Structures are given as structure tokens and as C-alpha cells.
Amino acid sequence: MKIILVAGTRPNFVKIAPIMAAFARAKQTHPSLEYVLVHTGQHYDTRLSDSFFTDLHIPDPDYHLNVGSGTHTVQTATIMMRFEEVVQKEKPDWVLVVGDVNSTMACSLVAKKMGIRLAHVEGGLRSFDQEMPEEINRMVTDAITDMFFTTSDYANENLRKEGHADRKIHFVGNTMIDTLVAQLPHLRKPQEVSHVLDSGKQYVVLTLHRPSNVDNMDKLMQLLNEICLALGDKMIVFPAHPRTQKSLAEQAQLPANLILAPPIPYLEFIYLLKHSWLTVTDSGGIQEETTFLGIPCLTMRHNTERPETISMGTNVLIGDDMHLLRDQIHDLQKGTWKMGTIPPLWDGKAAERIVGILTSVSMVAVSLT
């Protein structure tokens, strides 16, 4: 059996690392197993891409499509054209995609158009907000997926409601948490903000990247001012995308307690997250990581595709309600923040389950030939 695995962005790398490691272990007992890693190059900044391969010990990609930036349409079309050439050459039995980025949808479409079976890690996630590009990617990918690997019962129910058979749905856990569990002993202090960490004072991690929050500079500045004001004298570390940093650098004045930082590599970012007092974010993955770490999280979105981080974890949806933001910060200061739990199967073994299922399918297919 030959499988092509696809990665294109920071969340993809974090999710694909344990799957690659699990395939390497499985090959020792299944010598006929072949796996090929394709890096689409959707994230082209070294700090957003190459550092994750180094830190997480991901093997060098077998193919690098070097797609780079562009509109959603241009990026998706370019990935499809370049990935088609890879599939024609490799002739895989399966294509495995992770997450919900443009690379996920583009490579899924190519696989199905070419008659290749498709597996989707993190299938079934839904925000029910089609203004999010990621939601469109999720819906299109899941509409044509042959095998789903899911992170929660919420995802399972979403897929069933959409008419997918139970035999296609495999509840395996969360590969992003696999990476987190494996790397906790190897975290390192980020030097860019070491003065914050060395101060001994409580600090907040802020991440904003969604177009609805960062593309309009007036809205972004209003958000930053409101967040910084609500947090009083707490230092706020904001690792910003280079594009956002450039836009903010043109502003006359930023809040005094806001500390801008460049993109921070994974092992350093998780260190920063793990020692924070609070995280304010619009990232789906960080909602999961803070839930596992037990860090309070305020999500600057009106919806989430990861509702288990709210019902079980440490996450609260804020949207753009600054009164709610202040109320939640007040609760945290009083020590009345809700106690979170870790969702089922978020135990560091999801990748082993995925590879076990895929190799079992392969063995059944061989026995039938």
C-alpha cells in the first residue's frame, strides 16, 4: 500500500508529524507499506514552515510544490495542478489530508478526480459559518472523503447528519495533541520575549490571524486597544504574522502593555503558552492546545468548529463582545474560571490509531486479491 500525505501550513505540520512517525514504526512490521510526504508550500515563511520540520523531526518532504502566496483561487488552482503531477507519478492507493486549509481541499479534489481513495484527518469539524474559508474547505473535502479520522463525538455527529455511514467514521483522537504530548519534555524558552518570562509577572498570549480580525486596520486597532485596556497592567505577548507586524508598525501608537513578536517556532510557542496566565486567540488549534494544558482561553470569534473546548475544556467564545471579555477576565482574576477537562482520546495516541486502521484496511485488501 502506498499513501501520499499532504501538509501545507503550520497546523498541518503539527498534525502530520506524529502520523509520519507512526508510519515509520508500522513499516518495520509491514515492509510493503510506502508513504510519500508532499509539502505544498502554502506557508512559505521559514519561521512558519521549515522550523516545524526541524523541531518536530519531520523527514524532508519527498515533494515540495513551492506554491507560496496568492488569492484563495490562485493558490488552490496552483496546488491542484502541481499535485496532479505527483499523483500521476506516484500512483498511490490513498491520499491522506489533514485539517482545513486550501492545501487540504485542493489535494482532496485532485485525488478523487483521479480515482484515488481519500482519508481526512479532522473530518467532521464544523463552525457552520461559510464566511470562513476553512469551513468551505472542510465541507468540500468531507463531501468526497472515503475515510474520516475524527477528534470528537461532535464531529462524528456532524458527519452522520450529513449522511455519511458509520463504517467510514473512525473516532481516533487528536494528532495535534499527539505532538503536544510528545514535545512537552523538549520545550524551550523563546528568546524574543525572554524579558517577559524572566520578569516573573503574569502575562497573556495573544494571537490573531483571521481576515475578519486583522485585515481591517481600524478594527484590529480597536480590538487591540480594548483587549489591552481590559487586561490592565498584564503584559500581552502578540506573535504576529509578518504582514500584520508591518501594518502595525505604521500605526502612530500601540498600547503600552502590548509586546509585538515575530512568528515563534513551535517548541518555543508552546513554552510561552504553557506558562501564560491567559490566552486570547482566534485560532482553532490554540483552543485545543490550551484545553489540554488547562490554560484559560478567550476566543475572539462568534463560533468554533471545536465545541468540545467549550463544553469540556477551558475555552470561552467572545466574538466582539468587549463587555463579555471584561467579565471573563474579572472571573479569572477572582479565581472563578471554569475547571476544564481533557476530551476523550486526546491521549497522544491518535496517530497510532490512524495508521493501525489504514494498515488493517491494506491487509484486508491484500487478502481479497
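Residues numbered from 1 in each chain as written. Predicted model: local features only at pLDDT ≥ 70, side-chain atom pairs only at ≥ 80, totals over all residues. Heavy atoms only, no water.

Colleague: Any chance you could explain the state of the cysteines here in plain terms?
Modeller: Covalently bonding the sulfur atom of one cysteine to the sulfur atom of another cysteine gives a disulfide. Considering all chains together, one arrives at zero disulfides under this definition. Cysteine cysteine 297 is unpaired, with the sulfur of cysteine 228 as its nearest cysteine sulfur at 16 Å. Given the relative accessible area of 0%, cysteine 297 is considered buried. (Disulfide = S-S within 2.5 Å. Buried < 20%, exposed > 50% of the residue type's maximum accessible area, 1.4 Å probe, protein only.)

Colleague: Explanation requested: the pattern of salt bridges in the structure shown.
Modeller: Think of it this way: side chains of opposite charge can pair up when their charged atoms draw near. Using the criterion set out here, one finds 23 salt bridges in the structure. With a closest N to O distance of 2.7 Å, aspartate 166 and arginine 160 form a salt bridge. Judged by relative accessible area, which is 36%, arginine 160 ranks as partly exposed. Aspartate 347 is the salt-bridge partner of arginine 353, the closest N and O atoms lying 2.5 Å from each other. Using a relative accessible area of 33% as the deciding quantity, one classes aspartate 347 as partly exposed. Beyond isolated ion pairs, a larger network of salt bridges with shared partners links Lys15, Asp100, Glu122, Glu135, Arg138, Glu288, Arg301, Glu305 and Arg306. (Salt bridge = Lys/Arg side-chain N within 4 Å of Asp/Glu carboxyl O.)

Colleague: I'm lost on the sheet that holds strand 2 (residues 34–39) in this one. Help?
Modeller: Paired through their backbone hydrogen bonds, the strands of a sheet run either parallel or antiparallel. Sheet architecture is open: seven strands sit in the order 3-2-1-4-5-6-7, paired in parallel fashion. Where the open sheet ends on each side, the last strands, each with one partner, are strand 3 (63–64) and strand 7 (169–171). With six bridges joining them, strand 1 (residues 2–7) and strand 2 adopt parallel strand pairing. Across the sheet, isoleucine 4 pairs through a bridge with valine 36, a residue of strand 2. Strands in contact with helix 3 (residues 72–90) are strand 1, strand 2, strand 3 and strand 4 (94–98); relative to strand 1, the strand with the most contacts, it is inclined by about 165°. (Pairing = 2+ DSSP bridges. Helix = DSSP H or I, 4+ residues; strand = E, 2+ residues; numbered from the N terminus. Contact = heavy atoms within 4.5 Å. Axes fitted to C-alpha atoms, helices over the stretch in contact; angles between N-to-C directions.)

Colleague: Help me understand the environment of leucine 325 in this model?
Modeller: Assignment of secondary structure puts leucine 325 in helix 15 (residues 322–334). Residue leucine 325 is classed as buried on the basis of its relative accessible area, which comes to 1%. A C-alpha to C-alpha distance of 30 Å links leucine 325 and leucine 184, two positions 141 residues apart in sequence. Once residues within four sequence positions are removed from consideration, leucine 325 is found in contact with Glu226, Ile227, Ala230, Leu298, Met300 and Ile318.

Colleague: Quick question: what am I supposed to make of the packing of helix 7 (residues 175–183) against helix 12 (residues 266–274) here?
Modeller: The description of two helices packed together rests on the angle between their axes and the distance between the axes. Two numbers describe how helix 7 lies on helix 12: the axes approach to 11 Å, and their chain directions differ by 85°. In this view, helix 7 runs roughly perpendicular relative to helix 12, as classed from their interaxial angle. Contact with helix 7, carried on its side by Met176, Thr179, Leu180 and Gln183, involves Tyr266, Leu267 and Ile270 of helix 12 and no other residues of that element. Residues belonging to the contact of helix 7 with helix 12 are distributed by class as follows: five nonpolar, two polar and no charged. (Parallel < 35°, antiparallel > 145°, perpendicular 65-115°, else oblique. Nonpolar A, V, L, I, M, F, W, Y, C, P; charged D, E, K, R; others polar.)

Colleague: Just to check I follow, could you spell out the sheet that holds strand 11 (residues 278–281) for this structure?
Modeller: In spatial order, the strands read 10-9-8-11-12-13; together these six strands make up an open sheet with parallel pairing. Only two strands of the sheet have a single partner each, and these edge strands are strand 10 (258–261) and strand 13 (315–317). If you compare each strand with its neighbour and ignore which way they point, the axes differ by 20° on average. Pairing between strand 8 (residues 203–207) and strand 11: four bridges, direction parallel.

Colleague: Teacher, can you tell me more about the environment of proline 343 here?
Modeller: Inspection of the secondary structure puts proline 343 in the loop between helix 15 and helix 16 (350–368). Judged by relative accessible area, which is 4%, proline 343 ranks as buried. Separated by 224 residues in the primary sequence, proline 343 and alanine 119 have C-alpha atoms spaced 23 Å apart. In contact with proline 343, other than residues within four places in its own chain, are Thr291, Glu308 and Met312.

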